[in-house]
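# Commentary on secondary and tertiary structure
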Amino acid sequence: MVAREKLSRLKEKFGTAIQRADLPGAGRLFVFVEPAALKAICQHVFRDLDARYIISIGADDRPFSGKFMVAHNFAFDKESLLTSIATYLPADNPKVDSISDVVPAANWAEREIHDLIGIEPVGHRYLKRLVLPDGWPDGVHPLRKDFAWNQVPEGYDDTREFKFDEPPEGCTVVPFGPFHPTLDEPAHFRLYIEGEMVRGCEYRGFMVHRGIEKLAESVLTYNDIPMMAERICGICGCVHNVAYAQAVESAAAIKPPPRAEYIRTIMLEIERLHSHLLWVGLACHIVGFDTLFMQSWRIREPIMWIAEKISGNRKTYALCVIGGVRWDITPEVKDELRKLLDKLEAEWTPVVAAVSKDKNIQKRTRGVGIADRALVKNMGLVGPVARSAGVDIDCRRDHPYAAYDRLDFEVITEGGCDVWSRVLVRAKEVFESIKIIRQCLEKMEDGPLQLTIKDELPVGRLGLSSVEAPRGESHHFVITGENNRPRRWRVRAPTYQNLQGIPAMIKDQQLADMTISLGSIDPCFSCTDRMETIDLKSGVTKVWTQEELLKLTRTKKT
Amino acid sequence: MSLSELLRMLVYVVGVMAFVGLNAAYLVLAERKGAGRFQRRPGPTEVGYAGWLQPVADGVKLLCKQLIVPPGADAALFRLAPLLVMIPAMMSLAVIPFSETLVGRNINVGLVFVFAFGAINVMAVMLSGWASRNKYAIISAARVVSQDVAYEIPMLLVVITMLMATGTMNLHEIVQQQAGWFWHWNLFRLDLNPLMPVTFIIFFTCMLAETNRAPFDMAEAESELVAGAFTEYAGMGFGVFFMAEYANIVVGCAMTTLLFLGGWQSPFGVGSGVIWFLLKMYAVVFTVIWVRWTFPRTQFYNLLNLSWKILIPLSLFTLILTAVMMKVLRA
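Residues numbered from 1 in each chain as written. Chains lettered and ligands numbered in written order. Predicted model: local features only at pLDDT ≥ 70, side-chain atom pairs only at ≥ 80, totals over all residues. Heavy atoms only, no water.

## Focus: the state of the cysteines
Spelled out, the test is: Count a disulfide wherever a pair of cysteine sulfur atoms falls within 2.5 Å.
A complete count under the given rule lists 0 disulfides over all chains for this structure. The thiol sulfur of C417 of chain A is not disulfide-bonded, and the nearest other cysteine sulfur, from C201 of chain A, lies at 20 Å.

## A closer look at the pairing of strand 2 (residues 28-33) of chain A
All names here are of chain A. Our working definition: With a 1.4 Å probe rolled over the protein chains alone, any residue whose accessible area is under 20% of its type maximum counts as buried; one over 50% counts as exposed, and the rest are partly exposed. In DSSP terms, a helix is any run of H or I states spanning at least four residues, a strand is any run of E spanning at least two, and both are numbered starting from the N terminus. Strands were regarded as paired on the criterion that DSSP finds at least two bridges between them.
Along strand 2, 6 of the 6 residues are buried, which leaves the element largely enclosed by surrounding structure. Going residue by residue along strand 2, you find R28, F30 and F32 tucked away on one face and L29, V31 and V33 tucked away on the opposite face as well. Where strand 1 (residues 18-22) hands over to strand 2, the hairpin turn is made up of 5 residues, of which G27 adopts a positive phi near 80°.

## Quick notes on the interface of chain A and chain B
Our working rule: Throughout, a residue-residue contact means that at least one pair of heavy atoms, one from each residue, lies within 4.5 Å. In this description, buried area is defined as the sum, over both parts, of the accessible area (probe of 1.4 Å) that is lost when the two are combined. By definition here, a salt bridge exists when the distance from a side-chain nitrogen of Lys or Arg to a carboxyl oxygen of Asp or Glu is within 4 Å.
Listed by partner, the interface residues are 30 residues for chain A and 23 residues for chain B. Taking both sides of the interface into account, the surface hidden between chain A and chain B amounts to around 2400 Å²; carbon and sulfur atoms contribute 55%. Of all residues in chain A, E196, T291 and R364 of chain A bury the most surface against chain B, accounting for 18% of the area lost on that side. Counting every contact that joins chain A to chain B gives 0 salt bridges.

## What about the sheet that holds strand 14 (residues 472-479) of chain A?
All names here are of chain A. Note the threshold: To obtain an axis, a line is fitted to C-alpha atoms, over the contacting stretch when the element is a helix, and the angle between two such axes runs from 0 to 180 degrees between their N-to-C directions.
If you trace the 3 strands from one edge of the open sheet to the other, you get 13-14-15, paired in antiparallel fashion. What marks the edges here is a single partner per strand, and that holds for strand 13 (462-469) and strand 15 (488-492). Ignoring strand direction, the axes of neighbouring strands in this sheet form an average angle of 10°. In terms of strand pairing, strand 13 meets strand 14 through 8 bridges, oriented antiparallel. Paired with A469 across the two strands is G472, which belongs to strand 14. The strands touched by helix 16 (residues 494-506) within the sheet are strand 13, strand 14 and strand 15, with strand 15 carrying the most contacts at an inclination of about 45°.

## Structural notes on the side chain of D398 of chain A
All names here are of chain A. Its location among the elements puts D398 in helix 14 (residues 395-398). A relative accessible area of 6% means that D398 is categorised as buried. Filtering out sequence-adjacent residues up to four positions away, D398 remains in contact with D77, S80, D392 and I393.

## A look at the domain arrangement of chain A
Residues and elements named next belong to chain A. This is how it is decided: Each domain's limits were defined by an automated method or a database of domain assignments. Under the rule applied, a polar contact is a pair of N or O atoms within 3.5 Å (in protein, one hydrogen donor and one hydrogen acceptor; residues adjacent in sequence only if both atoms are side-chain atoms). Here the term charged refers only to Asp, Glu, Lys and Arg, the term nonpolar to Ala, Val, Leu, Ile, Met, Phe, Trp, Tyr, Cys and Pro, and the term polar to all other amino acids, Gly among them.
Looking at the assigned domains, one finds that chain A contains domain 1 (2-128) and domain 2 (212-528). Counting residues at the interface gives 34 residues for domain 1 and 28 residues for domain 2. Of the roughly 2600 Å² buried between domain 1 and domain 2 on both sides combined, carbon and sulfur atoms contribute 60%. Run the count over domain 1 and domain 2 and you get 4 salt bridges. We note a salt bridge from R487 to D61, for which the minimum N-O separation is 3.9 Å. For the pair domain 1 and domain 2, the number of links is 17 residue pairs in polar contact (both at pLDDT 80 or more). Contributions of two or more residues to the side of domain 1 that touches domain 2 are made by strand 2, helix 2 (38-48), strand 3 (52-61), strand 4 (67-76), strand 5 (81-89) and helix 4 (107-116). No other element matches strand 3, which puts 9 residues into the side of domain 1 that touches domain 2. Residue composition of the side of domain 1 that touches domain 2, by class: 20 nonpolar, 7 polar and 7 charged.

Given below as structure tokens:
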């Protein structure tokens with residue numbers, strides 16, 4: 001077994017620094033290590049064993065073990081293994097060695113742990129705020145357990161501003177966002193421009209404050225959370241919904257019935273279809289080609305209708321509960337879906353043929369926004385960005401979930417490393433998705449949609465789940481807990497990693513290429529900004545409904 | 001000056017203004033309708049019968065908005081810039097002959113007059129960018145200047161070629177020379193210059209670039225520069241820029257028609273008149289709209305490459321070729 005073999009190699013090299021390990025089932029490995037050895041072990045796993053970095057998680061475990069916890073997650077894609085290297089830290093003044101100089105991709109995750117849990121990554125070179133707003137008081141960490149979900153911190157200072165770096169010599173600072181026609185969601189890039197060339201940039205994002213993770217571990221219950229999870233993202237919501245459910249199922253060793261797995265697969269692929277078509281449209285809009293933008297959205301529309309027919313909603317499908325799904329695919333929907341796929345294929349084929357021959361689009365996108373293999377490795381880039389650089393990763397095949405292990409499909413890769421390759425990857429993946437849905441409709445067996453779960457879920461178990469979202473791998477980490485809710489739930493959307501590659505992708509490029517470079521990762525800021533904590537001055541005692549929360553996201557202060 | 005002359009002038013001034021205004025308003029609608037059809041959707045349909053009153057609604061909306069001059073902007077220049085874009089377009093129309101008799105002023109240097117006023121356009125966009133005191137606007141202004149300078153050169157080289165071929169700067173005479181069947185149009189006069197169609201395409205491309213139309217709309221490039229030089233303009237200030245774009249398209253297309261397509265001359269040698277001029281001009285306008293919705297925006301550096309590396313050498317070559325041909329033919 002792969003997990004055992006990896007573990008024995010680690011034990012061989014690091015001996016007693018490995019305190020204990022947990023191998024709950026195929027494809028999962030949890031290793032608990034000495035804090036002092038964490039960095040060396042991560043370096044070994046990342047560089048020598050060539051694992052892919054996923055995310056780092058911090059958790060306040062003081063009410064249970066009296067300690068803080070930090071975990072670095074890695075994936076061995078070829079061996080279908082997800083692993084978490086965890087360590088416990090003392091309760092007062094928790095510090096951990098920063099791994100971001102050996103694993104550059106951990107930059108944001110460590111800053112986030114510093115902001116929200118208050119664990120200091122020692123040796124981090126750029127320890128500015130990432131998640132918390134600028135005016136948030138120092139030393140208040142909202143994801144600690146002693147910080148109530150509805151608490152209003154003392155000393156919020158509206159006038160405090162983020163300290164940006166000095167621009168390099170001879171460069172003008174051009175702000176890009178938070179409000180800009182090509183950004184559908186707020187984020188701020190401070191571009192350093194020399195003439196028409198971008199020489200660098202600094203990022204300040206996390207402007208969509210919703211506090212979803214905090215709510216999940218303090219207010220919601222296991223089966224409420226999927227409905228909240230899909231509101232993390234407006235485009236790939238179902239991905240988060242499924243990924244969360246799978247993470248809990250993996251922690252509690254629950255296997256949903258096969259029909260439910262097929263339905264999950266179908267909905268995920270429907271989501272990929274509409275997301276990729278949406279992206280092609282947006283990318284065309286960015287390069288100033290609105291005709292194809294309109295065409296691809298026209299082709300996309302029937303997919304939204306069929307989603308509405310299945311789930312009652314165009315976007316938020318409310319699909320999963322722990323141990324199953326809520327909607328069935330009826331025989332009439334099945335027929336309709338088949339017809340739709342035929343029509344979609346017939347319409348999309350000529351578009352792809354036209355686009356792949358179009359000299360103008362190629363001119364705009366070839367050699368633009370380069371993300372090569374080294375950058376993919378160092379920044380942990382995922383999804384079409386990685387595949388466009390010839391890095392053959394796809395969680396559907398590498399870490400099979402739902403019904404993907406019973407289906408036959410190809411992982412599309414290109415070697416151009418540029419925006420053009422990303423266009424091709426996405427355009428071709430549409431056909432693979434059509435293929436997958438057809439197979440699901442063919443193979444889907446009758447049976448129950450949900451398991452009846454009578455017992456309480458076990459407490460203190462760790463669960464991981466990686467789901468291939470249209471933008472790349474969405475990774476969910478769950479620690480199960482008491483009161484029918486998880487102790488900790490950490491979501492890593494694909495854009496979280498992909499955005500960190502942007503400064504390298506736009507450096508020394510024309511300003512005109514900056515927007516399509518950013519667009520080519522299909523950025524989804526809401527996904528990335530999913531956490532951050534409770535609103536400041538409102539609702540101290542009442543229970544928050546989802547509508548109120550949504551309203552909150554639209555007004556800065558209530 | 002006699003009373004009738006004064007009256008004629010008044011009528012013509014009102015006529016030109018109405019022509020520009022109506023064109024600007026209804027070309028916007030035509031553009032939106034056309035774009036809609038290219039994209040398999042109906043375009044605006046709500047206001048008036050099949051959306052015919054949409055330009056009125058747009059105009060009223062823009063007029064109702066507050067004109068904001070941002071703090072730190074140069075208020076005088078900021079307000080002057082929209083006028084400077086609009087006025088040259090109107091001035092140019094004063095010398096453009098719509099038919100044998102329908103012309104504001106038939107002057108001998110009509111050709112130079114139109115291009116001289118056309119060049120003011122660049123300065124106006126630069127002023128708007130500069131006066132706004134906005135980084136996007138200034139980047140856009142810098143782009144517009146380098147773009148328009150780059151495209152002014154091949155355009156004027158083409159104009160010189162035409163001037164040599166026709167031997168006059170009077171627009172009226174240029175059209176008169178093209179009388180008869182359509183092979184008398186300058187576009188098909190291969191005896192003057194075998195590369196005449198190429199010259200036409202160069203002229204048309206430069207016209208697109210000069211009017212800042214997609215795929216050369218670097219000035220506005222909304223996905224990069226928000227609204228470029230017009231970012232800070234609100235209400236009718238923006239509206240005037242918008243209308244001026246279409247007014248300039250009308251002037252550009254009118255010049256294309258006069259220089260290459262035989263102006264008001266009928267293609268069959270008989271029945272010439274204003275109707276042919278308008279038909280040809282709007283056909284060119286339609287092509288301009290068509291091009292916009294067919295090609296993606298080029299990058300700025302490719303745009304300059306196109307001009308300096310292809311269009312200028314080509315237009316220089318046609319100029320020399322015409323000169324040689326004239327010498328050879330005359331000899």
